[in-house]
Amino acid sequence: MRAVVLSGPGPVENLVVRELAVPEVRPGWVRVAVKAFGLNRSELHTRLGLAEGVTFPRVPGIEAVGVVDAVDPVDVGRAPAVGRQVVTMMGDMGRTYDGGYAEYTLVPAEQVIAFSSELAWDVVGAVPETLQTAHGSLTTGLDLAAGQTLLVRGGTSSVGLAAAALAKGLGATVLATTRKAANVDVLKAQGVDHVLVDDGSIAGAVRALYPDGVDAALELVGTPTLPDTLAATRVHGTVCFTGMLSNQWLVHDFYPIGYLPKGVRLTAYGGDSGDLPGEVLQRYLDEIAAGRISLGPTHVYRLDEIRQAHTDMEMGRAVGKLVVSTGR
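So, a few notes on the structure that sits alongside this text. (Residues numbered from 1 in each chain as written. Predicted model: local features only at pLDDT ≥ 70, side-chain atom pairs only at ≥ 80, totals over all residues. Heavy atoms only, no water.)

1. Some points on the overall build of the protein chain
Then, in step 1: A count of helical and extended segments in the protein chain gives ten helices and 15 strands.
Then, in step 2: Scaling as 2.2 N^0.38, a compact globule of 328 residues should have a C-alpha radius of gyration of about 20 Å, and the protein chain matches this with 20 Å.
Then, in step 3: Each of the three principal axes of the protein chain carries a C-alpha extent, and together these read 60 × 40 × 35 Å.
Then, in step 4: Counting all 328 residues of the protein chain, 54% fall into the buried class.
Then, in step 5: Sequence separation of at least 24 residues holds for 70% of the intrachain contacts in the protein chain that already meet a minimum separation of 6.
Then, in step 6: A total of about 13800 Å² of accessible surface is found on the protein chain, and carbon and sulfur atoms cover 52% of it. (Helix = DSSP H or I, 4+ residues; strand = E, 2+ residues; numbered from the N terminus. Rg over C-alpha atoms; globule rule 2.2 N^0.38 Å. Buried < 20%, exposed > 50% of the residue type's maximum accessible area, 1.4 Å probe, protein only. Contact = heavy atoms within 4.5 Å. Areas by Shrake-Rupley, 256 points an atom, 1.4 Å probe, with all protein chains shown as cover.)

The following block contains the structure:
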């Protein structure tokens, strides 16, 4: 099979498409013939040497979509049947064992979610981790409800665009940020009610619209903007720290009383495949197929274009989700 191998932390040149043996199925694991996979900041962190616990050389990739190619005989009846459409994500994929940047990947059986859809594989490839993160952030992280106001800090990221769409579906009013005025129309097309051009300080603009602050905020940029996001949130409102587009996730010398505005709640979200119910995945795939919802723009690359895809992700050149099609 063809696979992308990361030899070690460093530049995109460390990503090389190689011929590897197809992984042998074993008890408790399922082999998936990968049709497409999405790119994530987690894999950028791995390539840049910012992730802990990763061993090299490694096939990266924390998610993939495809069909079940092989199941160990002892797992027949317990795992999705051969030929079933599945998604897989997280669970140390691409970190301690080879991940989704390949034509085949071997993953624990409990880590696959079956679905049924006639959507193109590059469309499905944009969904799993993006949907899991956005859904979990809005539910577990923020408990967002109809009629509330939501600020999405980092609105043109794939998770930001998905969160805006899901929040609108819940009946919330959505504010979202972008650093580039050219992206305003993209956010408007996603149903965002108020687009804010982010210069690093948007709390004042938020409170000009909602003097008491927003009910909920989703922080996707990271710790550099977190204090300002907290300042844009009302008393008894909640900020959920989910993303690290800035590659900065530590708050140094954290003094809660000095850092947190009075009465503003700070939570965090990081999930895996077990946090995306199969019925939620199926429902949103059906909604996408029916044209009732969009998780945002998708940019599709070939396996041989993995270096270009990683460069575009690192430089922030593309709005929305980056997906690689294996061409199988």
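2. Remarks on the sheet that holds strand E9 (residues 173-178)
Then, in step 1: Taken in spatial order, the six strands of this open sheet run E10-E9-E8-E11-E12-E13, and their pairing is parallel. Here the strands that pair on one side only, and so sit at the sheet edges, are strand E10 (194-197) and strand E13 (265-268). For this sheet, the mean inter-axis angle between neighbouring strands, taken without regard to orientation, is 20°.
Then, in step 2: In this sheet, E9 lies alongside strand E8 (residues 149-153) in parallel orientation, the contact comprising four bridges. From the neighbouring strand, Val152 faces E9, where its bridge partner is Ala176.
Then, in step 3: Relative to the sheet, helix H4 (residues 158-170) contacts E8, E9 and strand E11 (214-219), its axis offset from that of E9 by approximately 165°. (Pairing = 2+ DSSP bridges. Axes fitted to C-alpha atoms, helices over the stretch in contact; angles between N-to-C directions.)

3. Brief notes about the packing of helix H1 (residues 41-48) against helix H10 (residues 306-315)
Then, in step 1: The interhelical angle for the contact between H1 and H10, taken along N-to-C directions, is 100°, at an axis separation of 10 Å. With respect to H10, the element H1 is oriented roughly perpendicular. Across the interface between the two elements, Arg41, Glu43, Leu44, Arg47 and Leu48 of H1 pack against His310, Met313 and Glu314 of H10.
Then, in step 2: A breakdown of the residues in the contact of H1 with H10 according to their chemical character gives three nonpolar, one polar and four charged. (Parallel < 35°, antiparallel > 145°, perpendicular 65-115°, else oblique. Nonpolar A, V, L, I, M, F, W, Y, C, P; charged D, E, K, R; others polar.)

4. Some words on helix H3 (residues 128-141)
Then, in step 1: Over its 14 residues, H3 runs 18 Å from end to end, which matches the ideal 20 Å to within 8%, given 1.5 Å per residue.
Then, in step 2: Across the 14 residues that make up H3, a large majority, twelve, are buried.
Then, in step 3: Count one or two residues on from H3 and you reach Asp143, which has phi positive near 50°. (Expected span 1.5 Å × (residues − 1).)

5. Quick notes on the pattern of salt bridges
Then, in step 1: In total, this model carries 14 salt bridges according to the counting rule given.
Then, in step 2: Where Asp304 meets Arg2, a salt bridge forms, and the shortest distance between an N and an O atom there is 2.4 Å. You can see Asp304 sitting in the loop between strand E14 (298-302) and H10 and its partner Arg2 sitting in strand E1 (residues 2-6), a full 302 residues away along the chain.
Then, in step 3: For Asp69, the salt bridge goes to Arg31, with nearest N and O atoms at 2.7 Å. (Salt bridge = Lys/Arg side-chain N within 4 Å of Asp/Glu carboxyl O.)

6. Remarks on the layout of surface pockets
Then, in step 1: By volume, the second largest pocket is sized at about 160 Å³.
Then, in step 2: Around the second largest pocket sit 14 residues that line it, and Val123, Ala126, Leu295, Gly296 and Thr298 are the ones nearest its centre.
Then, in step 3: Contributions of two or more residues to the lining of the second largest pocket are made by helix H2 (121-124) and E14.
Then, in step 4: Tallied by class, residues from the lining of the second largest pocket come to seven nonpolar, five polar and two charged. (1 Å grid on protein atoms, 1.4 Å probe; cavity = no way out; pocket = protein on both sides within 12 Å on 5 of 7 lines; lining within 4 Å. Points joined across faces, edges and corners; volume = space filled by probe spheres on them.)

7. Quick word on the nonpolar core
Then, in step 1: Of all hydrophobic cores here, the largest spans 46 residues; its most connected members are Leu138, Leu150, Leu166 and Leu281.
Then, in step 2: Among the secondary structure elements, those contributing two or more residues to this core are strand E5 (85-89), strand E7 (112-115), H3, E8, H4, E9, E11 and helix H9 (278-289).
Then, in step 3: Here this core gets eight residues from one element, more than from any other, and that element is H4.
Then, in step 4: Listed in part, the 24 residues of the second largest apolar core include Val4, Val67, Leu303 and Leu322. (Core = buried A, V, L, I, M, F, W, Y, C linked by side-chain atoms within 4.5 Å.)

8. Some details on a nonpolar patch on the surface
Then, in step 1: Judged by side-chain polarity, Leu48, Leu50, Trp249 and Leu250 come together as a nonpolar surface patch covering roughly 340 Å² of accessible area.
Then, in step 2: Take Trp249: it is sitting in the loop between strand E12 (233-241) and helix H8 (256-259).
Then, in step 3: The exposure class of Trp249 is partly exposed, given its relative accessible area of 31%. (Patch = residues over 30% accessible without salt bridge, like charges linked within 9 Å, V, L, I, M, F, W, Y side chains within 5 Å.)

9. Here's the deal with the packing of aromatic side chains
Then, in step 1: Tallied over the entire structure, the rule returns four aromatic pairs.
Then, in step 2: Taken together, a centroid distance of 5.1 Å and an interplanar angle of 80° make the contact between Trp29 and Tyr97 edge-to-face. Taken together, the residues span a long stretch of sequence, with Trp29 in strand E3 (residues 29-38) and Tyr97 in the loop between E5 and strand E6 (104-108) at a distance of 68 residues.
Then, in step 3: Judged by its relative accessible area of 17%, Trp29 is buried. (Phe/Tyr/Trp six-rings, centres within 6.5 Å; stacked < 30°, edge-to-face > 60°.)

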